[in-house]
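# Per-entry structural report
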Amino acid sequence: MASMKLSAPASQWVGGRKPLDRGASIRPAFRRVSVPVVRAGSYTDELVQTAKSIASPGRGILAIDESNATCGKRLASIGLDNTEANRQAYRQLLLTTRGLGDYISGAILFEETLYQSTTDGKKFVDCLCEEKIVPGSNNESWCQGLDGLASRCAEYYKQGARFAKWRTVVSIPCGPSALAVKEAAWGLARYAAIAQDNGLVPIVEPEILLDGDHPIERTLEVAENVWAEVFYYLAENNVVFEGILLKPSMVTPGAEHKEKASPETIAKFTLKLLNRRVPPAVPGIMFLSGGQSEMEATLNLNAMNQGPNPWHVSFSYARALQNTVLKTWQGRPENVAAAQKALLVRAKANSLAQLGRYSAESESDEAKKGMFQKGYTY
Ligand code: 13P
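Residues numbered from 1 in each chain as written. Predicted model: local features only at pLDDT ≥ 70, side-chain atom pairs only at ≥ 80, totals over all residues. Heavy atoms only, no water.

Under the annotation held in an unreviewed UniProt entry, the protein chain carries the name Fructose-bisphosphate aldolase and is attributed to Cocos nucifera. Taken from UniProt, the Subcellular location (unreviewed entry) comment for the protein chain reads in full: "Plastid, Chloroplast". Checking UniProt for the protein chain, the heading Pathway (unreviewed entry) contains the comment "Carbohydrate degradation; glycolysis; D-glyceraldehyde 3-phosphate and glycerone phosphate from D-glucose: step 4/4." (UniProt positions renumbered as here; feature names shortened; annotations may be inferred.)

The following block contains the structure:
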């Protein structure tokens, strides 16, 4: 078992040991192996380079990987039908924004967008490359499980994607049971190993939902538990830590808790979690916004960057980068330029927050509106 783990690609043992077997087999592996348990796959150097370039100072990720159904909800909020042409128009607005690459290093795309072009016939992937933004794919929204994941990753690599995202949801009010946490962690680790085998930097995202009335201490406890399991299985699967990125939720009280926490408190609890659980070999922590208002998400990120961190602490926001843009656009061609300007405003604000230099003084009322929805699904 030990030698197979070192020489075979991780994707060859999908059907192997299950998470709950861990106690039985881990000790012999440590006794027989004296070299570091890290896979040296053909893509290793490229993975490390890709992860490093996404985690570059003052930049973060634009997440526009909503499934067609979720994109439909965004479009419905401004009175548009969920047609392919409307989804294309919206993504075109976002991905052809000049200067976006000054603040955005990666864009997570839904499969439809990865293969789509502008109305003038230019591939969206090429629009991103011109801005030095790394295109990435989303592997979870049309999730078919781990079966076939290797060939899907290989296809996305051919199409220009260099990273992938897998999101697993953990709900605090629903438990979470020890079994649910193990299964979530194991699935994320298998996906990460398979993505790396096929040249894609895996973004590992166990989203701990904001839902619930629990205090911030409870969120920290659950998050510590989840990340301990995730890193245990990432190591078990010989994932190269220098070639991954994380997408955690910030540690906040439940959305229905009686007291709200300040950005300083959220930063203190979130950094405590990261320092306790995330090895410094990981290049970047790219937070999700999870229903926070645009301004809250930016303020919280800024508070986390007031001192040096061992990793690049940045953003991978969907709602907190798109809200004002959508409201400005309203589906009208004559509003495209103003909507692109609004995107640059948000992207720049988060870029400054990544550097710890953001001030909320000139924020609009729209940016202050919370976006939390109970039971939100992507
Ligand atoms: P939000 O920033 O809207 O929570 O999106 C997170 C996400 O996972 C999208 O990729």
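### Brief notes about the nonpolar core
One recurring pattern in soluble globular proteins: nonpolar side chains tend to sit buried together. Grouped together as the largest cluster of nonpolar side chains are 104 residues, with contacts concentrated most on Ile104, Phe231, Leu234, Leu246, Phe287, Tyr317 and Trp329. For tyrosine 317, the residues in contact, after removing those within four places along its chain, are Ile61, Leu62, Ala63, Met250, Phe287, Leu288, Ser289, Ala297, Thr298, Leu301 and Asn350. (Core = buried A, V, L, I, M, F, W, Y, C linked by side-chain atoms within 4.5 Å. Buried < 20%, exposed > 50% of the residue type's maximum accessible area, 1.4 Å probe, protein only. Contact = heavy atoms within 4.5 Å.)

### Some points on the pairing of strand E2 (residues 104-109)
Residues in a regular strand point their side chains to alternate faces of the sheet. Of all six residues making up E2, six are buried, and the element is well covered by its neighbours. Relative to strand E3 (residues 134-138), E2 runs parallel, the two being bridged by four bridges. Considered in E3, the bridge of glycine 106 is made with valine 134. (Helix = DSSP H or I, 4+ residues; strand = E, 2+ residues; numbered from the N terminus. Pairing = 2+ DSSP bridges.)

### Some thoughts on the confidence of the model for the protein chain
Per-residue pLDDT for the protein chain averages 88, and the proportion of residues at 70 or more is 86%. Here residues 1-37 is a poorly scored stretch, pLDDT under 50, and it has 46 contacts once near neighbours within four places are set aside; other chains count. (pLDDT = per-residue confidence, 0-100.)

### Details of the side chain of histidine 214
Mapped onto the elements, histidine 214 comes out in the loop between strand E5 (201-208) and helix H10 (216-236). Judged by relative accessible area, which is 9%, histidine 214 ranks as buried. Among the polar contacts made by the side chain of histidine 214, one reaches the side chain of threonine 219 at a distance of 3.4 Å. When neighbours within four sequence positions are excluded, histidine 214 is seen to be in contact with Ile172, Thr219, Pro253, Gly254 and His257. (Polar contact = N/O pair within 3.5 Å; in protein donor to acceptor, adjacent residues only side chain to side chain.)

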